[in-house]
Amino acid sequence: MLNSKNEGFSLTLVISIELFSLTLFLFSFSDFIIDFFSFFFFFFFFFFFFFFFFFFFFFFTAMSFSSINCMAESLLPSLAAIRKNHPLENQAARLSLPIVPATSRQCGLAKIPFGVHLEPFGPTQTDYEELEPARCSKCEAFLVKYECVICESLGVGTFDMKLDRDTSHEPENCTILTVEVSELSKVQSVLSKLHGNNNITGRIVLLTYDHNSVQFYESRTSGWMVIMNDIDDPFVPLPLDSLAFNPDEFFGSFINNIGHLRNDNGPATSRITPGIPVVETVLKVAAKLLNNNAGSISKVISIVRHLAPHKSQENEELLMKASQKYLDLAGQFSEKGISLDLFAFGGNINNLSQVCQLTGGTEYFYPQYTAERDELLFLDDLICSITEADNYYNATLELKCSPGIHVKHYLGNLTTRNGVAHIGCLNAKTGIGIELDYRGKYPLQDIPRFQAILVYTNGATRHRRIRIINFVARELSMSYNKIVNGADQYAILSLLVRGTLARLFELARKELRDQVQQQLVSILAAYRINSGGGEAGSTEPSTQLVFPASLNVLAVHILGFMNSPLLRLIRLQDDSRIHFGQQLVRSSINQLSLALYPRVLGLSGLGDQYDTKPVRTLLVNDVFVVYDGLRLPFIYVPRQVNPELVADVFGTADVLALGAYDTQLPVLDTPVNEYARKLLAEFGGKGFQLAREELDGATYYIYGLMVEDEYISFLNELHYNVRDYIESKNNWNVWN
């Protein structure tokens, strides 16, 4: 079998040159051959010459491609199996290399990112202790059950303990809600539905603003309004206690009467005036209000539509970094432990989005908001943001490692100061990446041990607590095969994605795509060189693209990342790219895997039998539920579908009669409808978005989620890139 496509082409070229030489030799005697039979002889000779040329060319080229395709399909798992199931084990900490290389040189030769993926509040077993934690006298690590994780024996697991601090005299929790005037009516209808929600505690302050002023609402006089017009040097006209409402009053009488209140203060405060709203000013005011609220839970929720347009730049492919004044504002928020949650209904979210990331906040983006479809989702997102019981605030994270290993970078929605990560807000789905590195060139002596120390404020109890996550590497090894075969591909994926997002505002899309693909190529090339056995271990070009068993689904997730809105080489608004990046950078392992390779489930079972077929021939003969973990689940209805199946799901066989903004399925006594409602409940229970082929724009978003069309060609490209990468390294450093 041929080693590569180039070898097949070379052999074809050699045969063609020989045939052509023979033709020239015979043609040199053509002056002497003039009879009728000679004419037919040369005619048939040239005919067979071109026939054999094309035959050899296509034959050997096809042989080289088939060698890759057959190998890929036999060694990699079925795409259908990955799409239908995402069986990921929940762990508080996952090492990308559980079997750790003994030296930094060996870690570099493996080309695999070395680090940890943390989910501090994921669904793991936690031991709660009400004892004050003690420290080790040698290394100052926290002792758990009288054991030191770093020096002596190891108490592996996740432990949560209280800190000895009196919180009874601290101020109550406070959430500041900043709302652009143009969005007030929309927000008013949603906030009024939160009246009576017992999960919302603490005080709430409302600030509204337009292009030239900020409006305050005094709580002791049922909403007397004060207007501050000094947008260049903002000040706070009233103390925090005079502006704070309790939840019952705020979501009840105050929100219901705010429209009348603004009208009573004059027409200038009730109409929407032109110009760019003073978002920066209102956030400075919020920071000043919370300046003396240290120790308690502090959050700012900003609801905006009109944001200042970005200035033009030379490289349009490069996302513009936030202006320095917004970065300074993010620094102030982070130092005070304040997180910013952004609810954006318009464009140019770049500045505020980066403030969200640096303060540990969350960004919610509704670019084409429609009340009939999106109000329920907006309400649910707002409840998640404002409810404190499920969130953890004002956290600091530090990872302690055994001697010889140290933390290189913290990656996520956080700010790093003095080697410690500061996170404004976390929840059960928050993921954090930590890149590790070696100290010096000497081999490690013992199996590495790690201790993640998270100090935080519990949103439900307002108590300051400490969560300790102890984990240990499986073993220390100098065997390449053992190290790679024990790798955790989902932790590797987390580090690769978060490392790329850390350079989002430094490199253009094409450069980011090339770097991601090059990282995968270098990992596979290192495996080709160092794994040994058969042709492996040789620097000669391989006839097969070889994947380690431990990395068998890494390629399809990398392809999904390269085809995502963040890196896809199409014209796309910067806001959509930034929003997708912000969703990934804070995601858990399960969310990340879903976002890059979503679940696709056929309701009748007819659609489960697919693999690498083209997308438009894949999603047929069934009604599908598509879920990427970032948006509402989609119910995709293709043109080629049985009307009786549509009737069993929706209650009507007419696809055109389905409501474009319907978000809830009717309750029908059919197995298909029951299965669909079960899936929607499993995927969050917030409803669904309808996607009818050639009728709804959501179908194009679904097509973008499917990578089956490009999977085989991507593997072919990987094969040639791995071969070229190996050939370009004249002095390749092998493992031993």
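Definitions and cut-offs
- Residues numbered from 1 in each chain as written.
- Predicted model: local features only at pLDDT ≥ 70, side-chain atom pairs only at ≥ 80, totals over all residues.
- Heavy atoms only, no water.
- Helix = DSSP H or I, 4+ residues; strand = E, 2+ residues; numbered from the N terminus.
- Buried < 20%, exposed > 50% of the residue type's maximum accessible area, 1.4 Å probe, protein only.
- Contact = heavy atoms within 4.5 Å.
- Pairing = 2+ DSSP bridges.
- Axes fitted to C-alpha atoms, helices over the stretch in contact; angles between N-to-C directions.
- Parallel < 35°, antiparallel > 145°, perpendicular 65-115°, else oblique.
- Left-handed = near helix turned anticlockwise from the far one by under 90°.
- Nonpolar A, V, L, I, M, F, W, Y, C, P; charged D, E, K, R; others polar.
- Phe/Tyr/Trp six-rings, centres within 6.5 Å; stacked < 30°, edge-to-face > 60°.
- Lys NZ or Arg CZ within 6 Å of the ring centre and 35° of its normal.
- Polar contact = N/O pair within 3.5 Å; in protein donor to acceptor, adjacent residues only side chain to side chain.

Another aspect to go through is the overall build of the protein chain. When its secondary structure is counted, the protein chain shows 22 helices and 27 strands. Burial statistics for the protein chain: of 736 residues in total, 55% are counted as buried. Contacts in the protein chain between residues far apart in sequence, at least 24 positions, make up 76% of those at least 6 positions apart.

This part takes up the sheet that holds strand 25 (residues 624-627). Pairing within the open sheet is mixed, and its four strands lie in the order 24-25-26-27. Both outer strands of the open sheet, strand 24 (599-602) and strand 27 (689-692), are each paired with one neighbouring strand and no more. Put simply, the sheet's adjacent strands are angled 25° from each other on average, direction ignored. Pairing between strand 26 (residues 634-637) and strand 27: four bridges, direction parallel. Residue Phe634 lies in a different strand from strand 27, and its bridge partner there is Gln689.

Contact geometry for helix 8 (residues 279-289) and helix 9 (residues 324-335): axes closest at 11 Å, N-to-C directions at 20°. The orientation of helix 8 relative to helix 9 falls into the category roughly parallel. Every pair of crossing elements has a handedness; the one defined by helix 8 and helix 9 is left-handed. Contacts from Val279, Glu280, Leu283, Lys284 and Ala287 of helix 8 reach helix 9 at Lys325, Tyr326, Leu329 and Phe333. Taken together, the residues of the contact of helix 8 with helix 9 break down into six nonpolar, no polar and three charged.

Next up on the list: the packing of aromatic side chains. This model, assessed by the stated rule, comprises 23 aromatic pairs. Here Phe345 and Phe378 contribute two aromatic rings whose centre-to-centre distance is 5.3 Å and whose plane-to-plane angle is 85°, an arrangement assigned as edge-to-face. Remark: Phe378 occurs in helix 11 (residues 371-386) and Phe345 occurs in the loop between strand 14 (338-344) and helix 10 (350-359); sequence separation between them is 33 residues. Over the aromatic face of Phe345 sits the side chain of Lys186, whose NZ or CZ is 3.9 Å from the ring centroid.

Another point: the environment of His557. With respect to the element layout, His557 can be found in helix 15 (residues 554-562). Distance in space between the C-alpha atoms of His557 and Ala595 is 9.1 Å, their sequence separation being 38 residues. With residues near it in sequence (within four places) discarded, His557 still touches Tyr490, Leu493, Ser593, Leu596 and Tyr597. A polar contact is formed between the side chain of His557 and the side chain of Ser593, at a distance of 3.1 Å.

Read across the open sheet, the four strands follow the order 1-3-20-17; overall the sheet is antiparallel. On the outer flanks of this sheet lie strand 1 (93-95) and strand 17 (405-411), each paired with one strand and no other. Strand-to-strand twist of the sheet, defined as the mean angle between neighbouring strand axes without regard to direction, takes the value 25°. When strand 1 meets strand 3 (residues 115-118), the two strands line up antiparallel, connected through three bridges. Counterpart to Ala93 in the pairing with strand 3 is Leu118. In the packing of helix 13 (residues 489-501) onto the sheet, contacts are made with strand 1, strand 3, strand 17 and strand 20 (432-438), and the angle to strand 20 comes to roughly 95°.

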